[in-house]
Amino acid sequence: MQGAGALATLPSRVFAQTAAAARPRLMQGVQSGDVGSDGVTLWSRADRPARMIVENATTESFTDARRIEGPLALEGTGFTSRLRLGDLPPGQTIFYRVAYADQVDASATSDWMQGRFRTPSAAAGDVSFAWSADTVGQGWGINPDIGGMTIYEAMRLLAPDFFVHCGDTIYADDPLASEKKLPDGRLWKNLTTEAKSKVAETLAEFRGNHLYNFLDANLRRFNSEVPMIALWDDHDVVDNWFREKHLDADPRYGEKSVAVLARRAERAFREFMPLADGLDGPMRLYRKFSFGPRLDLFRLDMRGFRAANGFNRQEVTGKDTAYLGLEQVGWLKRALKSSTATWKIVAADMPLGLVVYDDWRRKSGFEAVANADDGPPLGRELEIAGLLSFIKRENIRNVHWITADVHYPATHRYDPERAAFRHFTPFYEFVSGPLCAGGFGPNALDGTFGPQVVFQKVPPPGRFDLSPLEGSCHFGHVRIDGKSGVMTVSHRDAGGAVIHSLELMPS
């Protein structure tokens, strides 16, 4: 009888465990992205094949909730799923929550996870956003001893309407060790995972690099409240990549074709970023996002259309000088010309006037636009010269750029009076970063378009790869006043303190 009694109490415990195990789990939180007047993308990830369920409402109590059955999260998508929401009221905080229903037993559902975002106003209201780049680079990962990537919490507390991640969303070519030593002897300690123990080559390893970032509670909390507009850059695949590149000299890679790596990296990027477009067909990152009468943002793709890195001093345009590419440049010209917004902000993953070498040791080849020649436009500069000339000719006003890549914050003013090429309207380029990576700089300025340093914050002389503990991390913040149209651009440290600010009046 004792044995029977013991057995009689067992099923309830087994049933509870089995029931919990049978329910899907929502693994990486929720995030929204590619927000604008035409809608927003909601994203999440399950732990198994499951159906995405979304509810959204204009009240946090969800009393007026609209329920939508979303797509399946399947192994072929890394168990990620996304849903594009449209027909949303303008200038309104939208609350949403996501759950997953088991693919076989729809009654077995995960717990809900909640997020929110704000839709752009149809009137001339205030708009704000943050931008930065470079997450988990140079061996600086998630350090639990300091609370993880707290820069995301600093950005969240400013409650921006959206965040622009200007690339290097992962460092696929930068494995993490459990510890990294600072010059003063201190130890930086990283969370580590199998996927971050080597360079990413397989789709699973690229996915694992994205999954690593979600281990940070600051990032997950930020994602649930601030929509992301994501760009990609070189470390999303491999350092300074272009499709023709081969890694024959790099013993870390068994797969030597960068074109193959780029296809796998692009797939993972599209799976884990809350993009407006789906996973099928060619990736079309370049897109305009409208935020009411005061702001249009234009996202560029400086990776997908470029020719091979090289000497970058061709005298005429051709296939070997492509950077944005004819199709994207044509789109950008049309989009800028048709924009009626007060401010037109171009979001790029690389600066225009800073010299970025393909091979830093030899100072040879060029990774960005500038070619270290202060003369008239050559190579990739020809494409940019044509764009800037078009903006002036069409009298398109209040166009400025935000970017990253170089791992230090800076403000540059491009002035035709100082330039070798003079047919353009003066503009500013605001550089930020990194989010969690080494600090570098300064890079040399190329005089073709007359850039002048208004502000920059770089490591002390003789230092490079400055650690987050030494102040390497930064982000930028933009606030546009709805009434006056004044745009204030501030550079901030990892704690959110303002280290430089510039106020611009619309012309």
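Keep in mind that what you see is a predicted model, and the values were worked out from it rather than measured.

Reading guide: rules and limits
- Residues numbered from 1 in each chain as written.
- Predicted model: local features only at pLDDT ≥ 70, side-chain atom pairs only at ≥ 80, totals over all residues.
- Heavy atoms only, no water.
- Helix = DSSP H or I, 4+ residues; strand = E, 2+ residues; numbered from the N terminus.
- Rg over C-alpha atoms; globule rule 2.2 N^0.38 Å.
- Buried < 20%, exposed > 50% of the residue type's maximum accessible area, 1.4 Å probe, protein only.
- Lys, Arg positive; Asp, Glu negative; His and termini not counted.
- Charge placed at Lys NZ, Arg CZ, Asp CG, Glu CD.
- Pairing = 2+ DSSP bridges.
- Axes fitted to C-alpha atoms, helices over the stretch in contact; angles between N-to-C directions.
- pLDDT = per-residue confidence, 0-100.
- Contact = heavy atoms within 4.5 Å.
- Salt bridge = Lys/Arg side-chain N within 4 Å of Asp/Glu carboxyl O.
- Parallel < 35°, antiparallel > 145°, perpendicular 65-115°, else oblique.
- Left-handed = near helix turned anticlockwise from the far one by under 90°.
- Nonpolar A, V, L, I, M, F, W, Y, C, P; charged D, E, K, R; others polar.
- Phe/Tyr/Trp six-rings, centres within 6.5 Å; stacked < 30°, edge-to-face > 60°.
- Lys NZ or Arg CZ within 6 Å of the ring centre and 35° of its normal.
- Core = buried A, V, L, I, M, F, W, Y, C linked by side-chain atoms within 4.5 Å.
- Expected span 1.5 Å × (residues − 1).

Student: Kindly report on the overall build of the protein chain, identifying the contributing residues and their values.
Tutor: Broken down by element type, the protein chain carries seven helices and 24 strands. Relative to its length of 507 residues, the protein chain is compact, with a C-alpha radius of gyration of 24 Å against a globular reference of 23 Å. Within the protein chain, the fraction of its 507 residues that count as buried is 58%. Across the protein chain, the 59 positively charged side chains and the 63 negatively charged ones have centroids separated by 2 Å.

Student: Give a detailed account of the sheet that holds strand S20 (residues 427-431), specifying residues and quantitative values.
Tutor: Strand order across the open sheet formed by seven strands is S13-S14-S15-S18-S20-S19-S21, with mixed pairing between neighbours. Looking at which strands have only one partner, the edges of the open sheet turn out to be strand S13 (287-290) and strand S21 (451-456). Taking each pair of neighbouring strands and ignoring which way they run, the sheet shows an average axis angle of 20°. One ladder, built from five bridges, connects strand S19 (residues 410-414) with S20; its direction is antiparallel.

Student: Report on the environment of Cys-436, specifying residues and quantitative values.
Tutor: Within the element layout of this structure, Cys-436 appears in the loop between S20 and S21. When the C-alpha positions of Cys-436 and Ala-57 are compared, they lie 34 Å apart, and in sequence the two are 379 residues distant.

Student: Break down the confidence of the model for the protein chain for me, citing the residues and quoting the values.
Tutor: Within the protein chain, residue pLDDT values average 95, and 96% of them lie at 70 or more. Within the model, pLDDT remains below 50 along residues 1-18, and this stretch shows zero contacts once partners closer than five positions in the same chain are excluded.

Student: Any chance you could break down the pattern of salt bridges for me, citing the residues and the numbers?
Tutor: Evaluation of the coordinates by the stated rule reveals 32 salt bridges. A salt bridge links Arg-306 to Glu-367; the nearest nitrogen and oxygen atoms lie 3.1 Å apart. Residue Arg-306 is found in the loop between strand S14 (295-299) and helix H6 (326-338), and its partner Glu-367 is found in the loop between strand S17 (364-366) and helix H7 (381-393); the two are separated by 61 residues along the sequence. With relative accessibility at 7%, the residue Arg-306 sits in the buried group. The class of Glu-367 is buried, set by a relative accessible area of 0%. Of the charged contacts, one joins Arg-463 and Glu-470 as a salt bridge, the two residues approaching to 3.0 Å between their closest N and O atoms.

Student: Summarise the packing of H6 against H7; cite the residues concerned and give the values.
Tutor: Two numbers describe how H6 lies on H7: the axes approach to 11 Å, and their chain directions differ by 15°. The angle between the axes of H6 and H7 places the two elements in the roughly parallel class. Note that H6 runs across H7; the crossing there is right-handed. Contact with H6, carried on its side by Val-329, Leu-332, Lys-333, Leu-336 and Lys-337, involves Glu-383, Gly-386, Leu-387, Phe-390 and Ile-391 of H7 and no other residues of that element. Per-class residue counts for the contact of H6 with H7 are six nonpolar, one polar and three charged.

Student: Can you lay out the sheet that holds strand S6 (residues 93-102) for me, pointing to particular residues and giving the numbers?
Tutor: The strand order across the open sheet formed by four strands is S4-S3-S6-S7, and the pairing between neighbours is antiparallel. One side of each edge strand has no neighbouring strand; the edge strands of this open sheet are strand S4 (66-73) and strand S7 (113-118). Geometrically, the sheet is characterised by an average inter-axis angle of 25° between neighbouring strands, direction not taken into account. Two strands pair when backbone bridges link them, and strand S3 (residues 50-57) and S4 are joined in this way by six bridges, in the antiparallel orientation. When the bridges of S4 are listed, Glu-55 appears paired with Arg-67. Together, S6 and S7 form the strand contacts of helix H4 (residues 217-225), whose direction differs from that of S7 by roughly 55°.

Student: Before we move on, could you go through the packing of aromatic side chains and cite the residues and values that matter?
Tutor: A full pass over the atoms with the stated rule returns 23 aromatic pairs. Residues Phe-424 and Phe-449 carry aromatic rings whose centres are separated by 6.3 Å and whose planes lie at 85° to one another, so their mutual orientation is edge-to-face. A residue pair is termed long-range when its members are at least 10 positions apart, and Phe-424 in the loop between S19 and S20 and Phe-449 in the loop between S20 and S21 qualify at 25 residues. Each of the two residues, Phe-424 as well as Phe-449, counts as buried. Taking the ring centre of Phe-62 as reference, the NZ or CZ of Arg-97 above it sits at 4.0 Å. Here the basic side chain of Arg-97 rests over the ring of Trp-112, its NZ or CZ set 5.2 Å away from the ring centre.

Student: Run through the nonpolar core, naming residues and quoting values.
Tutor: Generally speaking, soluble globular proteins have nonpolar side chains that are buried together. Phe-162, Val-164 and Leu-297 are the most contacted members of the largest nonpolar core, which has 44 residues in total. It is S6 that contributes the most residues to this core, four residues altogether.

Student: Just give me the short version of helix H5 (residues 258-272), but keep the residues and values in it.
Tutor: Taking 1.5 Å of rise per residue, the 15 residues of H5 would be expected to cover 21 Å, and the 21 Å separating its terminal C-alpha atoms lies within 8% of that figure. The buried count for H5 comes to 11 of 15 residues, which makes it a mostly enclosed element. Along H5, the residues that are buried comprise Val-258, Val-260, Leu-261, Ala-262, Ala-265, Glu-266, Ala-268, Phe-269, Arg-270, Glu-271 and Phe-272. Those residues of H5 that are buried are in contact with strand S1 (26-36), strand S2 (39-46), strand S5 (80-85), helix H3 (203-213) and strand S12 (228-230).

Student: An account of unusual backbone geometry is requested, with residue identities and associated values reported.
Tutor: Gly-433 connects to Pro-434 through a cis peptide bond whose omega is -10°. Assignment of secondary structure puts Pro-434 in the loop between S20 and S21. For the bond running from Gly-441 to Pro-442, omega is 5°, close enough to zero to count as cis. Here Pro-442 is to be found in the loop between S20 and S21. Here Asp-168, not a glycine, exhibits a phi torsion of approximately 55°, which is positive.

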